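Spelled out from the first residue to the last, the chains are:
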Amino acid sequence: MRTRADHSTYSAPAEGKSQHGRIVSELGLAIVGGQLQPGDKLPPEPQLLERYEISRPVLREAVRVLVAKGLVVSRQRAGAIVRPRNEWHLLDPDVLYWLIQAQPQRDFVGTLLEVRRIFEPAAAALAAKAATDEQLTAIAAAYEGMAAAKTTEELLEPDLAFHRRIAEATGNDLLAYIGNMLSLALRESIILSSQLPNTHELSLPRHKAILTALQARDPLGARQATLVQLEETGDDIDTVLAADGRVNLA
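Rules behind the numbers
Residues numbered from 1 in each chain as written. Predicted model: local features only at pLDDT ≥ 70, side-chain atom pairs only at ≥ 80, totals over all residues. Heavy atoms only, no water. Helix = DSSP H or I, 4+ residues; strand = E, 2+ residues; numbered from the N terminus. Buried < 20%, exposed > 50% of the residue type's maximum accessible area, 1.4 Å probe, protein only. Core = buried A, V, L, I, M, F, W, Y, C linked by side-chain atoms within 4.5 Å. Contact = heavy atoms within 4.5 Å. Pairing = 2+ DSSP bridges. pLDDT = per-residue confidence, 0-100. Expected span 1.5 Å × (residues − 1). Arc of directions from axis to C-beta. Polar contact = N/O pair within 3.5 Å; in protein donor to acceptor, adjacent residues only side chain to side chain.

- If you look the protein up in an unreviewed UniProt entry, it shows as FadR/GntR family transcriptional regulator from Pelomonas baiyunensis.

**Comments concerning the overall build of the protein**
Logical step 1: When its secondary structure is counted, the protein shows eleven helices and two strands.
Logical step 2: In the protein, the order of α-helices and β-strands from amino to carboxyl end is α-α-α-β-β-α-α-α-α-α-α-α-α.
Logical step 3: Based on the C-alpha atoms only, the size of the protein along its principal axes is roughly 60 × 40 × 35 Å.
Logical step 4: Taking all 250 residues of the protein together, the buried fraction comes to 45%.

**Here's the deal with the nonpolar core**
Logical step 1: Ranked by internal contacts, the top residues of the largest apolar core, which has 39 residues, are Ile31, Leu42, Leu66, Leu71, Val72, Trp98 and Phe108.
Logical step 2: Counting only elements with at least two residues in this core, the list comes to α1 (19-32), α2 (45-52), α3 (56-68), β2 (79-82), α4 (93-102), α5 (105-130), α9 (183-193) and α11 (219-243).
Logical step 3: The residues contacting Leu71, other than those within four sequence positions of it, are Gly28, Ile31, Val32, Leu66, Ile81, Val82, Arg83, Trp88, Val95 and Trp98.
Logical step 4: Grouped together as the second largest cluster of nonpolar side chains are 23 residues, Tyr143, Leu204, Leu211 and Ala225 included.

**Remarks on the pairing of strand β1 (residues 72-75)**
Logical step 1: Sheet analysis places β1 next to β2, joined by four bridges and oriented antiparallel. Each bridged residue has a counterpart across the sheet, and for Val72 the counterpart in β2 is Val82.
Logical step 2: Connecting β1 to the antiparallel partner β2 that follows it, the hairpin turn spans three residues, and Arg77 within it adopts a positive phi of roughly 75 degrees.

**Focus: the confidence of the model for the protein**
As a general rule, the predicted coordinates of low-pLDDT regions are not to be interpreted in detail.
Logical step 1: Taken over all residues, the pLDDT of the protein has a mean of 88, while the share at 70 or more is 90%.
Logical step 2: Taken element by element, the protein is modelled with least confidence in α9, mean pLDDT 86, and with most confidence in helix α6 (residues 133-148), mean pLDDT 97.
Logical step 3: Note that residues 1-16 has pLDDT below 50 and, in this model, 37 contacts with residues that lie over four places away or in other chains.
Logical step 4: Confidence over residues 246-250 falls short of pLDDT 50; this stretch has 15 contacts with residues more than four positions distant or in other chains.

**Overview of the side chain of His163**
Logical step 1: Along the polypeptide, His163 turns up in helix α7 (residues 152-168).
Logical step 2: For His163, a relative accessible area of 12% gives the class buried.

**With respect to α3**
Logical step 1: For α3, which comprises 13 residues, the first-to-last C-alpha distance of 18 Å matches the rise-based estimate of 18 Å (1.5 Å per residue) to within 8%.
Logical step 2: Here α3 has its buried residues at Leu59, Ala62, Val63, Val65 and Leu66. For α3, the arc enclosing every buried residue in end-on projection is 150 degrees, short of the 170-degree limit, so these residues lie on one face. Exposed residues pointing more than 90 degrees away from the buried face of α3 are listed as Pro57 and Ala68.
Logical step 3: The elements touched by buried residues of α3 are α1, α2, β1, β2 and α4.
Logical step 4: Just past α3, the residue Gly70 takes up positive phi, approximately 80 degrees.

**Points about the environment of His163**
Logical step 1: As for His163 and Val72, which are separated by 91 residues in sequence, their C-alpha atoms are 32 Å apart.
Logical step 2: The contacts of His163, once residues within four sequence positions are left out, are Arg116, Glu120, Leu186, His207 and Gln229.
Logical step 3: Polar contacts involving the side chain of His163 include one to the side chain of His207, which spans 3.2 Å.

**A closer look at the environment of Met146**
Logical step 1: As for its placement among the helices and strands, Met146 is situated in helix α6.
Logical step 2: Residue classification places Met146 among the buried positions, given a relative accessible area of 0%.
Logical step 3: When sequence neighbours within four positions are dropped, the list of residues in contact with Met146 reads Leu155, Pro158, Asp159, Phe162, His200, Ser203, Leu204 and His207.

**Here we look at unusual backbone geometry**
Logical step 1: In the Ramachandran plot, Glu53 falls in the positive-phi region, its phi being about 55 degrees despite a non-glycine side chain.
Logical step 2: Tracing the backbone through its elements, the reader meets Glu53 in the loop between α2 and α3.
Logical step 3: A relative accessible area of 73% means that Glu53 is categorised as exposed.

Given below as structure tokens:
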């Protein structure tokens, strides 16, 4: 079973990556992937020093990065201990990438769709009320970029921009931040749903309906159009996963 979307555009760590980055990545993935459970201690410092052939300052800096991402807590004499899952900074780009890598694809996509169903309709409704004319123009420009796209690769960036700019148009900095942080996960979802041969034809009318409601300053319409878009996106992804031998998302 795959643990990430095929054709992911998120770059894996480069071969020449620093030892510091390698330690952070390997330990982070071990934690998120469940090899190290909440309450477990990281391997003893001497063991990690020998495994990675690094200095103690480099190792301790790597542990500090994991602490900053909410994955471990460092205690004097006790060492670094894995924190409960609900304390992890799941919107941190690295943590989110490790989550995409570690989870079965259907589980990750199902989780993402639940978040999107809560976040995006409310953001669209608020944007319909709060967006400036300039922000509406920017959302429309993203839609035009989608319409002009000839390939899945060309469609990806304007599609991401469309959703990100709606979050920005809410006028709420926290919602805009969440929308931006969700871009990596949304990228994986778009790549997956784009495996359908008619994805472009299906996607454009849904996004057009959202844009039309935003331009009409219609919060209820924007919310409903977004709900329809997400419902049909879920159906698209379910079709892709079912064709690939996966369990239905419903």
